[in-house]
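Structure at a glance
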Amino acid sequence: MPWLYVDATFGLSGDMILASLVDLGVDLARLSEPLSTLMPEHFTLTRQRIQQSGIQCTYLQVECDRSHHHRKASDLKAMVAQSDLAARAKERSAAIIDVLAAAEARVHGIRPDEVQFHEVGAVDSIIDMIGAAIALEELQIDGLVFSPPALGHGTVDCQHGLYPIPAPATAYLLEKVPLSSFNAPGELTTPTGAAILRALADSVGFFSGEKMLAIGYGAGTRSYPDHPNVVRAILFEPKASVHPNHHQHEHTDQVSLLSANLDDLPAELMAHASQRLLDEGALDVWLDPVIMKKGRPGIVFNVLASPSQQDHLAHVMFEETSTLGIRIQGPFQRRSLARHRQSLDLGYGSVEVKFGWLDGQVIQAAPEYDTVNELSQASGKSAKLIYQDVAARLSSWRPA
């Protein structure tokens, strides 16, 4: 399967990303239909062919009822979770919503689940975020690389008045992300564009060496005299050294470790704190038993986080645990197997299976517990039996 390079040299916005994917060949009807089942408001999505600085581009026009401007992140995620979207489109949509909610929460000093989206809650911005996830699935894109995005300069008119560019949420979303040196007046990268990058980018850099398969241009609403206001999306074929199956690119990123010693927090509250930290963006949470000073048994409460999230998650740890201090180590380099999820039909229902790839081969496979639990409740079969059935099927079944 091809991978996607998103060229954000002149900026990045949700509508431009989506338009570039349509320009690559995503059918507008196959995009509009699942979106219309999600949205309570009526909308129409039309494609126009326009020129930006002499470049033929796709521009997407959204016409809709704009009376519903305020939505909670949790409401958007519930809409996605209850939809009929493909599993990976749901995952990507939820990831975009999560990172945007976390950034807005930092701006306003509240919890992500308390965030009320304003501009971002408008129908066209929801279409941009969730539509991008749907379009990526239509193109069967596994990996995304973004070029360093341009920010622009000046001020932007937000819900609470004028702010300097980049907008506050955009600035948080692009923390530690390399930026383009290109500069021009105006908001070149928007919160929705930054959120898609933060949630979905496997890396931020430049393409090299692979064969280009197709190129799409997505236009924004503004026109500039000296440069095209476009996002260029380029489909690349997998590297020649990669096995024909597309699920084997290893991934390297950075993580921070937050730790605190606890000896006075009830187990129920530890479980609650763990779940809240995961809900708020922690990559992992685990507890280690230790013997503390004066021979007291205790727990080391560990949280793995992306560096951009470590301050927010430290705040959550102070709120939800009894610690007076948190050790923060890193950032460390983390190397991960390429991952792929696929539904496996067991005859009496399906479960989602996670695969880990190395050098073109599956070396790890395990059912997703939540789908096992759901099938157990629906079928009446024990979770243990379902795990055994999955193991038996995997011995003679190769993922697509």
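Read on for a plain summary of the structure. Just so you know, these numbers come straight off a predicted model, no measurement behind them. (Residues numbered from 1 in each chain as written. Predicted model: local features only at pLDDT ≥ 70, side-chain atom pairs only at ≥ 80, totals over all residues. Heavy atoms only, no water.)

What to know about the overall build of the protein chain
Helix and strand content of the protein chain: 11 helices and 18 strands. Within the protein chain, buried positions represent 48% of all 400 residues. Of the contacts made within the protein chain by residues no fewer than 6 positions apart, 69% connect residues no fewer than 24 positions apart. Accessible area of the protein chain: about 19100 Å², with a carbon and sulfur share of 51%. (Helix = DSSP H or I, 4+ residues; strand = E, 2+ residues; numbered from the N terminus. Buried < 20%, exposed > 50% of the residue type's maximum accessible area, 1.4 Å probe, protein only. Contact = heavy atoms within 4.5 Å. Areas by Shrake-Rupley, 256 points an atom, 1.4 Å probe, with all protein chains shown as cover.)

Let's talk about the pairing of strand 17 (residues 350–358)
Pairing geometry for strand 16 (residues 338–345) and strand 17, over eight bridges, is antiparallel. Bridging across to strand 17, arginine 339 finds its partner in glycine 356. Looking at chain direction, strand 17 and strand 18 (residues 361–367) are connected through six bridges and run antiparallel. Following the sheet pairing, glycine 356 is matched in strand 18 by glutamine 364. (Pairing = 2+ DSSP bridges.)

Things to note about the sheet that holds strand 17
Reading across from one edge, 16-17-18 is the order of the three strands in this open sheet, with antiparallel pairing throughout. The two strands at the open ends of the sheet, each matched to only one other strand, are strand 16 and strand 18. When strand polarity is set aside, the average angle formed by the axes of neighbouring strands in this sheet is 30°. Where helix 10 (residues 369–379) meets the sheet, it contacts strand 17 and strand 18, and its direction lies at approximately 160° from that of strand 17. Helix 11 (residues 383–394) rests against strand 16, strand 17 and strand 18 of the sheet, and its axis sits at about 50° to strand 17. (Axes fitted to C-alpha atoms, helices over the stretch in contact; angles between N-to-C directions.)

Focus on helix 1 (residues 14–23)
Across the 10 residues of helix 1, 10 count as buried, placing the element largely inside the fold. Within helix 1 the residues assigned to the buried category are Gly14, Asp15, Met16, Ile17, Leu18, Ala19, Ser20, Leu21, Val22 and Asp23.

Focus: helix 7 (residues 191–200)
In terms of burial, helix 7 is largely enclosed, as eight of its 10 residues are buried. Listed in full, the buried residues belonging to helix 7 are Pro191, Thr192, Gly193, Ala194, Ala195, Ile196, Leu197 and Leu200. Summarising the contacts, the buried residues of helix 7 are in contact with helix 1, helix 4 (87–108), helix 5 (123–138), strand 6 (144–146), helix 6 (168–173) and strand 9 (203–204).

Focus: the pattern of salt bridges
Taken as a whole and judged by the stated rule, the model has 14 salt bridges. Across the pair aspartate 142 and arginine 88 runs a salt bridge, and its minimum N-O distance is 2.1 Å. With a gap of 54 residues between them, aspartate 142 in the loop between helix 5 and strand 6 and arginine 88 in helix 4 connect regions that are remote in the sequence. Residues participating in the shared-partner salt-bridge network are Arg88, Arg92, Glu137 and Asp142. (Salt bridge = Lys/Arg side-chain N within 4 Å of Asp/Glu carboxyl O.)

Here's the deal with the nonpolar core
Formed by 61 residues in total, the largest nonpolar core has its most connected members in Leu4, Leu21 and Leu31. Broken down by element, the residue count for this core peaks at nine residues, all from helix 5. With residues near it in sequence (within four places) discarded, leucine 31 still touches Leu18, Val22, Val26, Leu45, Gly131, Ile134 and Ala135. (Core = buried A, V, L, I, M, F, W, Y, C linked by side-chain atoms within 4.5 Å.)

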